[in-house]
Amino acid sequence: MMAQFQQDKGKLDLTPKRFNMWLFLFTSFMFFAALTSGFIVYIGGKGHGLNIKMPAAFMYSTAIIMISSITVFLASTAAKKSDVAKQRAFLWLTLLLGVGFFAMQIYAWYVLSFEMHAFLSNPNASISFVYVFSLMHLIHILAGLVLLIISLVSTYRKTPQVLNLFRMEMSSIFWHFVDIIWIYLYVFLLLNQN
């Protein structure tokens, strides 16, 4: 009886962590939905439209994050096949693309501020929303990069395969989520610019 208890105690119960991840994704989705709803209400007022054109850097960053979604999928597929070398390679590639996305977003802010003179602090708050959308998304990207790094480090350690797969699954789900959120935000802003 005691041996069975010790054996059960040694098993990993990852269900609560999965639930926490889905709960976090749901609350993040609701957060972005609330932000976009606030934007729609604001631009409904006279003279509050988004009177700028989105910088091309946002389009390039969208392409980068879409490619990174493919590489994280390939890393996840490699993990399921226990091909650690491919998993590592695709995780490194995803990390590099994630950093590239981050840099491209910062460059987009530079273009908005110094070339288009559309500053964060602006009498027309619709422009401020662009900064807020991208900043909140970048915070999620940072969290995604941390998850990817944890998954990558697991491949260099003698991590049990079940834990490696779990970490890869959580990283993959989160990364696809931030990809979908950015595409949603970018298309939303494109549709609402004047």
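Chemist: Explain helix α2 (residues 15–43) to me, and be specific about the residues and the numbers.
Modeler: When the terminal C-alpha atoms of α2 are compared, their 42 Å separation across 29 residues agrees well with the 42 Å that a helix rising 1.5 Å per residue should span. Within α2, burial applies to Met21, Leu25, Ser28, Phe32, Leu35, Thr36, Phe39 and Tyr42. Buried-residue contacts for α2 involve α5 (125–156) and α6 (161–192).

Chemist: Explain a nonpolar patch on the surface residue by residue, including any values.
Modeler: A surface patch of nonpolar side chains, about 320 Å² in accessible area, is lined by Phe26, Phe29 and Met30. With respect to the helices, strands and loops of the structure, phenylalanine 29 is situated in helix α2.

Chemist: Pulling in residues and values, what's your account of the side chain of serine 68?
Modeler: Relative to the assigned elements, serine 68 resides in helix α3 (residues 56–80). Overall, the relative accessible area of 1% leaves serine 68 in the buried class. A distance of 2.7 Å separates the side chain of serine 68 from the side chain of tryptophan 175, its partner in a polar contact. With sequence-adjacent residues up to four places away left out, serine 68 is seen in contact with Thr94, Leu97 and Trp175.

Chemist: Just give me the short version of the pattern of salt bridges, but keep the residues and values in it.
Modeler: A full pass over the atoms with the stated rule returns one salt bridge. With a closest N to O distance of 2.9 Å, arginine 18 and glutamate 169 form a salt bridge. With arginine 18 in helix α2 and glutamate 169 in helix α6, this pair connects stretches of sequence that are 151 residues apart. Judged by relative accessible area, arginine 18 falls into the partly exposed class, the value being 28%. For glutamate 169, a relative accessible area of 29% puts it in the partly exposed group.

Chemist: If you had to explain unusual backbone geometry to someone new, which residues and values would you point to?
Modeler: Look at serine 82: it is not a glycine, yet its phi comes out positive at around 60°. Phi is positive for histidine 117, which is not a glycine, with a value near 55°. Here histidine 117 is to be found in the loop between α4 (84–115) and α5. Judged by its relative accessible area of 56%, histidine 117 is exposed.

Chemist: Give me the lowdown on the packing of α3 against α4, citing residues and values where you can.
Modeler: Here α3 crosses α4 at 165°, and the two axes come no closer than 8 Å. It follows that α3 is roughly antiparallel to α4 by the angle criterion. In the packing of α3 onto α4, the handedness of the crossing is left-handed. Residue composition of the contact of α3 with α4, grouped by class: 20 nonpolar, seven polar and one charged.

Chemist: Got a sec to walk through the nonpolar core? Specific residues and values, please.
Modeler: In this structure, Leu50, Phe58 and Phe133 are the most contacted members of the largest nonpolar core, which totals 50 residues. Among the elements of the structure, α2, α3, α4, α5 and α6 are those that each provide at least two residues to this core. Top element by residues in this core is α6. It accounts for 15 residues.

About the thresholds
- Residues numbered from 1 in each chain as written.
- Predicted model: local features only at pLDDT ≥ 70, side-chain atom pairs only at ≥ 80, totals over all residues.
- Heavy atoms only, no water.
- Helix = DSSP H or I, 4+ residues; strand = E, 2+ residues; numbered from the N terminus.
- Expected span 1.5 Å × (residues − 1).
- Buried < 20%, exposed > 50% of the residue type's maximum accessible area, 1.4 Å probe, protein only.
- Contact = heavy atoms within 4.5 Å.
- Patch = residues over 30% accessible without salt bridge, like charges linked within 9 Å, V, L, I, M, F, W, Y side chains within 5 Å.
- Areas by Shrake-Rupley, 256 points an atom, 1.4 Å probe, with all protein chains shown as cover.
- Salt bridge = Lys/Arg side-chain N within 4 Å of Asp/Glu carboxyl O.
- Polar contact = N/O pair within 3.5 Å; in protein donor to acceptor, adjacent residues only side chain to side chain.
- Axes fitted to C-alpha atoms, helices over the stretch in contact; angles between N-to-C directions.
- Parallel < 35°, antiparallel > 145°, perpendicular 65-115°, else oblique.
- Left-handed = near helix turned anticlockwise from the far one by under 90°.
- Nonpolar A, V, L, I, M, F, W, Y, C, P; charged D, E, K, R; others polar.
- Core = buried A, V, L, I, M, F, W, Y, C linked by side-chain atoms within 4.5 Å.

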